[in-house]
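Structural description and commentary
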Amino acid sequence: MKKNLLYALLLLLSACNKFPDFPEDPVKPGTDNEKPLPAQYGTPFANVPDPRDAVIYEVNMRAFSSTGNFNGVKARLDEIKALGVNVLYLMPIHPIGVLKTVNSPYCVKNYEGINSAFGNLDDLRTLVAEAHNRDMAVIFDWVADHTAWDHPWIANKAWYKQNSAGEIISPPNTNWTDVAQLNYGNATMRLAMIREMKYWIFNANIDGYRCDAADFVPVDFWQQANDSLNNITTHKLLLFAEGTRDDHYTAKFQMRYGMEFYYTLKDDVFANGETVKLIDNLNASEYASAIPNVSQVVRYITNHDVNLAEGVPQDFFGGIKGSIATFMVAAYMKGVPMFYNGQEVACPTKLDYFNTSTPINWSINASTLSEYKKIMAFRKTNEALRRGTLTSYSSNDVCAFTKISGAQKVLVLVNLRNSTINYSVPAALQNTSWQDAFDNTATTVGTSVSLQPYSYLVLKVN
């Protein structure tokens, strides 16, 4: 697998930071920690999904609609719900810094503020409430590694990392010059950060966080923060780390990114034609430190970073058909599937999030949307797919596996090649009787199955 050297270097630097244990929630006089938290707005959402059942949908507000705001997202909640989504993930909603700016939403000027281009607090609360009414949880994108240079915290110099001359610095070994690196050796800053994360749980009634650049923040902070958030007994929260460190699970994140899954499929299986069996290695390595029945890897074929930096899924995964086949592996084999807005209609263009983007054209590729809906509808109704025991039967070209939960059994065959493949059925599956998962047609699996390019076969026993 290709390695991202910058990412690996940053991860090593983060791992080398050692900080003392910090008390969880003491109030520090003269700091933000003295400010009372807002009263609970609304009724905490009771139907936050178990992480094993989650389906996440990432929203880039600037590209999602022609209005580029909360109301534009609200107008399409029914369409998002129809995909089988139960977790709505909003990219950063805060004001963007002006000093040294590149207009990135990850350059947060005020953790308690709302970007006025997206709307106001009432608009946000309405969006959250309408999502809840449709049985979808809402999580925010939280940027804990750094702030804008014109964030109010910048007056507290000790809250930021500094060079030998005592100057606040940007995150080292990056080109992120628009942001200032926070200092997690400062106990007061930590407590202020935790308070800000609690703020939105109460003030907008959200259901958790996707924590940006989580690998670059010390694990003992995440343990401290997540323990404190989980002490809010009125809420069931989803905590999702954008990172690959094994210690995220022990720090009480239920979910982390499957970056290895994405790059193994993109670079190795598709670009280099390497064996599909590499996915079996990922199913072991990505879950090496997982907590049984809790920890999940979020798997995807696109997100805001790779979309803008690299391209759309069709560019890497064999066009629309190959992209759908790859997503089926992400959604059915082992993990939590995540959509990025526009994926469901095979949006052909990159989506800017630094500036107002050309809005997604939701009227294209209706058959692609229908196929995604079909795939996700079966996942929703089948516990074996979501929670069952996995057994892999993959070949070099076909991702093949069974999932079993009680009396439910599913067999999935996905051809990840742009050619017809005759899959040799393992002895354990030969001459077995099934039903087609999508039309209930009875079928018997013999000694081989012919699969057209990028096609799939999903069979079930109830």
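Summary of the structure given here. Keep in mind that what you see is a predicted model, and the values were worked out from it rather than measured. Each chain carries its own residue numbering, running from 1 in the direction its sequence is written. Totals for whole chains, interfaces and linings use all residues, but because this is a predicted model, local features are given only for residues with pLDDT of at least 70 and pairs of side-chain atoms are given and counted only at 80 or more. Where side-chain values are given, they derive from all heavy atoms of the structure, hydrogens and water being excluded.

1. What about the overall build of the chain?
Rules: Think of it this way: any DSSP run of H or I at least four residues long counts as a helix, any run of E at least two long counts as a strand, and we number them from the N terminus. Throughout, the radius of gyration refers to the C-alpha atoms, and the reference size of a globule is 2.2 Å times the residue count to the power 0.38. Partly exposed describes any residue whose relative accessible area lies between the buried limit of under 20% and the exposed limit of over 50%, with all areas from a 1.4 Å probe on protein chains only and scaled to the type maximum. The contact criterion used is simple: two residues touch if any of their non-hydrogen atoms lie within 4.5 Å. Using the Shrake-Rupley algorithm and a 1.4 Å probe, accessible areas are obtained, with residue cover drawn only from the displayed protein chains. In this count, Lys and Arg are taken as positive residues and Asp and Glu as negative ones, while His and the chain termini are left out. Just so you know, the charge point we use is NZ for Lys, CZ for Arg, CG for Asp and CD for Glu.
Scanning the chain from terminus to terminus reveals 15 helices and 18 strands. Scaling as 2.2 N^0.38, a compact globule of 462 residues should have a C-alpha radius of gyration of about 23 Å, and the chain matches this with 23 Å. Considered along the principal axes of its C-alpha atoms, the chain spans approximately 75 × 45 × 40 Å. Each of the 462 residues in the chain was classed as buried or not, and the buried ones make up 56%. Contacts spanning at least 24 positions in sequence make up 72% of the contacts within the chain whose residues lie at least 6 apart. Surface summary for the chain: the accessible area is close to 17,500 Å², and the carbon and sulfur share equals 51%. Here the chain contributes 40 positive and 45 negative side-chain charges, whose respective centroids are spaced 3 Å apart.

2. Description of helix α13 (residues 319-332)
Along an α-helix, a turn takes 3.6 residues, which lines up residues three or four apart on a common side. Convention followed: One less than the number of residues in a helix, times 1.5 Å, gives the span that helix is expected to have.
In a regular helix each residue adds 1.5 Å, so 14 residues correspond to 20 Å; α13 covers 20 Å between its end C-alpha atoms and thus fits that length. Of all 14 residues in α13, 11 are buried; the element is thus mostly enclosed. Of the positions making up α13, those classed as buried are Gly322, Ser323, Ile324, Ala325, Thr326, Phe327, Met328, Val329, Ala330, Ala331 and Tyr332.

3. A few points about the packing of helix α9 (residues 259-271) against α13
In plain terms, the rule: The angle between two axes is taken between their N-to-C directions and runs from 0 to 180 degrees, where each axis is a line fitted to C-alpha atoms and a helix contributes only its stretch in contact. The labels follow the angle: roughly parallel below 35 degrees, roughly antiparallel above 145, roughly perpendicular from 65 to 115, and oblique for the rest. What makes a crossing left-handed is the near helix being turned counterclockwise from the far one by less than a right angle; a clockwise turn instead makes it right-handed. When residue character is reported, Ala, Val, Leu, Ile, Met, Phe, Trp, Tyr, Cys and Pro are called nonpolar, Asp, Glu, Lys and Arg charged, and the others, Gly included, polar.
The geometry of α9 relative to α13 is characterised by a closest axis approach of 12 Å and an angle of 135° between their N-to-C directions. By the criterion of interaxial angle, the relationship of α9 to α13 is oblique. Of the two possible hands of crossing, α9 and α13 adopt the one that is right-handed. Judged by residue contacts, Phe261, Leu265 and Phe270 of α9 engage Gly322, Thr326, Val329 and Ala330 from α13. Residues that form the contact of α9 with α13 fall into these classes: 5 nonpolar, 2 polar and no charged.

4. Topic: the nonpolar core
Put simply, the test is: Definition used in this section: a nonpolar core is a set of buried Ala, Val, Leu, Ile, Met, Phe, Trp, Tyr and Cys residues joined via side-chain atoms within 4.5 Å.
With 125 residues, the main nonpolar core has Leu88 and Trp200 as its most contacted residues. Residue contributions to this core peak at 9 residues, all from helix α6 (residues 187-203). Setting aside anything within four residues of it in sequence, one finds Leu88 in contact with Tyr57, Val59, Val73, Leu77, Ile80, Leu127, Ala131, Ala137, Val138 and Ile139. Val398, Ile421, Val445 and Val449 belong to the second-largest nonpolar core, a separate cluster that totals 13 residues.

5. Looking at the sheet that holds strand β7 (residues 238-241)
Stated formally: Any two strands with at least two DSSP bridges between them are considered paired.
Strand order in the closed barrel formed by 8 strands is β1-β2-β3-β6-β7-β8-β9-β10, and the pairing between neighbours is parallel. Between one strand axis and the next, the sheet turns through 25° on average, direction left out of account. Judged from the 4 bridges that link them, strand β2 (residues 87-90) and strand β3 (residues 137-143) form a sheet pairing that is parallel. The partner of Leu90 across the bridge, within β3, is Phe140.

6. Observations regarding the packing of aromatic side chains
Note the threshold: Pairs were defined over the aromatic rings of Phe, Tyr and Trp, the Trp ring being its six-membered one, requiring ring centres within 6.5 Å. Orientation was assigned from the angle between planes: stacked under 30 degrees, edge-to-face over 60, tilted for the rest.
Under the counting rule described, the total for this entry stands at 29 aromatic pairs. Between Trp176 and Phe216 the ring centres are 6.1 Å apart and the planes differ by 50°, which places this aromatic pair in the tilted class. Of this pair, Trp176 sits in the loop between β4 (146-148) and β5 (179-181) while Phe216 sits in the loop between β6 (208-212) and α7 (219-230), and the two are 40 residues apart along the sequence. Overall, Trp176 belongs to the partly exposed group, its relative accessible area being 28%. By relative accessible area, which is 14% here, Phe216 ends up buried. Relative to Phe317, the ring of Phe270 has its centre 5.3 Å away and its plane inclined at 85°; by these criteria the two rings are edge-to-face.

7. Side note on the pairing of strand β16 (residues 442-445)
Relative to β16, strand β15 (residues 432-436) runs antiparallel, the two being bridged by 4 bridges. Opposite Thr432, over in β16, you have Val445 as the bridge partner. Connecting β15 to the antiparallel partner β16 that follows it, the hairpin turn spans 5 residues, and Asn440 within it adopts a positive phi of roughly 65°.

8. What to know about the environment of Met136
Mapped onto the fold, Met136 is located in the loop between α5 (121-133) and β3. As a C-alpha pair, Met136 and Gly84 span 52 residues in sequence and 9.6 Å in three-dimensional space. When residues no more than four places from it in sequence are discounted, the contact partners of Met136 are Phe45, Leu77, Ile80, Lys81, Val85, Asn86 and Ala131.

9. Considering unusual backbone geometry
Note: most residues except glycine have negative phi, and most peptide bonds are trans. The backbone of Asn103 shows a phi angle near 70°, a positive value even though the residue is not glycine. Looking at where Asn103 falls in the secondary structure, it is placed in the loop between β2 and α5. With phi around 65°, Asp135 is a residue other than glycine that occupies positive phi space. Its location among the elements puts Asp135 in the loop between α5 and β3.

10. As for the pattern of salt bridges
A side chain of one charge can pair with a side chain of the opposite charge if their charged atoms are brought near each other. Stated formally: Any Lys or Arg side-chain nitrogen found within 4 Å of a carboxyl oxygen on Asp or Glu counts as a salt bridge.
What the rule picks out here adds up to 20 salt bridges. Between Asp50 and Arg52 there is a salt bridge whose closest N-O contact spans 3.1 Å. Taken together, the shared-partner salt bridges connect Asp50, Arg52, Asp53, Arg386 and Arg387 into one network.

11. Section: the state of the cysteines
Inclusion rule: Pairs of cysteine sulfur atoms within 2.5 Å are what we label disulfides.
In total, this model carries 0 disulfides according to the counting rule given. Not part of a disulfide, Cys211 finds its nearest cysteine sulfur in Cys107, a span of 18 Å. What makes Cys211 buried here is its relative accessible area of 0%.

12. Comments concerning the sheet that holds strand β18 (residues 456-461)
Sheets are built from strands that pair by backbone hydrogen bonding, the pairs being arranged parallel or antiparallel. Spatially, the 6 strands line up as an open sheet ordered β11-β12-β13-β18-β15-β16, and their pairing is antiparallel. With partners counted over all chains shown, the strands left at the sheet margins are β11 (389-392) and β16, one partner each. Strand after strand, the sheet turns through a mean of 30° between neighbouring axes, direction not considered. Inspection of the sheet shows strand β12 (residues 398-405) paired to strand β13 (residues 408-415) by 8 bridges, in the antiparallel sense. When the bridges of β13 are listed, Ser405 appears paired with Gln408.

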